Amino acid sequence: MTAAGQRAGGGMSIGAVLDLLRPDFPDVTISKIRFLESEGLIRPDRTPAGYRRFSAADCERLRFVLTAQRDQYLPLKVIKEQLDAIDHAAARGVPPDAGRGPRRLGVVGGPAGAVSGDPGRATTVSPEEFRPGPQVRISRADLLRQSGIDEGFLTELVRAGLIVPGRAGFFDQAAVTLAVTAKAMAEFGLEVRHLRAFKLAADREAGLVAQIAGPVAKGRDAGARDRADELVRELAALSVTLHACLVTAAVRSALDS
C-alpha cells in the first residue's frame, strides 16, 4: 500500500512515516522513531491489534524533533520542553510561532562544537556527533601521513593509551583527529605525558555515563538498547559541553588573576 493509501486508511504506518522523513533525514530509522515515542515526544494512536498509526501532526512533531537535533544541537529534554510549551499554548488558543522553529538557545549555526553567539556560553556539542559513523580502517602508514606526526610520536600516543589500534592493528578516523590535536598541543610545549590528564578525565566521565546508561540497556523491552544508545549520546554531549564550560571558566579566572 502507498503512503497516500495508508493515510486514507486512518493514519500512516511507521514504515510510511519513515519514507516521508528519510529524504530530509537520511539517518532516521524505525528504532529512532520508536525511541522518540518511548520518550514521550510523539504519541501515535494504536490499532486494536497494537499497530502504530501516525497522524499528520505526529509527522510534524517528528520533523520538529529531528530538525532541532540536527540543526540546533538540542538535547531531547529541551526539545520536549519546547513541544510541551507549544501544546500548552495551543490548549489556550495561542497560535504557535511557526516562523521561528526550534529555539537556538543562542548557539550560532555550524557544526557541532560551534561557539555560541553569547560570550557567556561555552561551546555546544550535538549528541549526533556521538552516533557511530561508517567503519574506516586506516593503516599505521596512512595515519602518519594524514596526521603529519612521526613514528616516535605515534608510539608515545599508543603507549600512553591516547590512541588505541584495533585488533588487526588498524586505526579509525578519530585516531587521526586525536593525533593532529596532540601534535598541535605539542607545539605549545605539552608532551604526551601531560595529555594523560585529559585521558584520565575522559575515562572518568565515560564511566559515569556508563553507570547511568547501563541499567537502561539491560531493560527487557525491545527498545531498551536504543534508549540506552540515545542516552549515552545525550550524556556524552552534555559532558563535553560541561567540560568546555569548566575549562573556559578556569582559564578566564587564571588570566584575570
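Computed from a predicted structure; not experimentally measured.

Colleague: An account of the nonpolar core is needed here, citing residue identities and associated values.
Modeller: One finds Val 17, Leu 21, Ile 33, Leu 36 and Ile 79 to be the most contacted residues of the largest nonpolar core, which totals 25 residues. Here this core takes six residues from helix 4 (residues 56-72), the largest share from any one element. Apart from residues lying up to four places away in sequence, Leu 21 is in contact with Val 28, Ile 33, Leu 62, Arg 63 and Leu 66. Judged by nonpolar contacts, the second largest core, of 17 residues, contains Leu 157, Ala 175, Ala 182 and Val 192.

Colleague: Lay out helix 5 (residues 76-91) in plain terms, naming residues and giving numbers.
Modeller: Helix length check: helix 5 (16 residues) gives 22 Å between terminal C-alpha atoms against 22 Å at 1.5 Å per residue, within 8%. Buried residues of helix 5: Leu 76, Val 78, Ile 79, Gln 82, Leu 83 and Ala 89, and no others. Down the axis, helix 5 shows its buried residues gathered within 165° of arc, on one side only. For helix 5, the exposed residues set more than 90 degrees away from the buried face come down to Lys 77, His 88 and Ala 91. Contacts from the buried residues of helix 5 go to helix 3 (30-38), helix 4 and helix 10 (224-256).

Colleague: How would you summarise the pattern of salt bridges if you had to cite specific residues and measurements?
Modeller: This structure, assessed with the given rule, holds 14 salt bridges. Asp 71 is the partner of Arg 70 in a salt bridge, and the nearest nitrogen-oxygen pair spans 2.8 Å. Exposure remark for Arg 70: the relative accessible area of 40% places this residue in the partly exposed category. Linking Arg 193 and Glu 191 is a salt bridge whose minimum nitrogen-to-oxygen distance equals 2.8 Å. Residue classification places Arg 193 among the exposed positions, given a relative accessible area of 59%. Residues joined in a network through salt bridges with shared partners are Lys 32, Glu 230 and Arg 233.

Colleague: Can you lay out helix 8 (residues 173-186) for me, pointing to particular residues and giving the numbers?
Modeller: An ideal rise of 1.5 Å per residue puts 20 Å on 14 residues; helix 8 measures up with 20 Å between its terminal C-alpha atoms. Taken as a whole, helix 8 has its buried residues at Ala 175, Val 176, Ala 179 and Ala 182. All buried residues of helix 8 fall inside an arc of 130° around its axis, so they share one side. Buried residues along helix 8 sit in contact with helix 6 (140-147), helix 7 (151-159) and helix 9 (192-217). For helix 8, the side-chain oxygen to backbone nitrogen distance between the N-cap and Ala 174 is 3.3 Å, and the N-cap itself is Asp 172.

How each quantity is defined
Residues numbered from 1 in each chain as written. Predicted model: local features only at pLDDT ≥ 70, side-chain atom pairs only at ≥ 80, totals over all residues. Heavy atoms only, no water. Core = buried A, V, L, I, M, F, W, Y, C linked by side-chain atoms within 4.5 Å. Buried < 20%, exposed > 50% of the residue type's maximum accessible area, 1.4 Å probe, protein only. Helix = DSSP H or I, 4+ residues; strand = E, 2+ residues; numbered from the N terminus. Contact = heavy atoms within 4.5 Å. Expected span 1.5 Å × (residues − 1). Arc of directions from axis to C-beta. Salt bridge = Lys/Arg side-chain N within 4 Å of Asp/Glu carboxyl O. Polar contact = N/O pair within 3.5 Å; in protein donor to acceptor, adjacent residues only side chain to side chain.

Worth remembering: the numbers are spatial, not functional.
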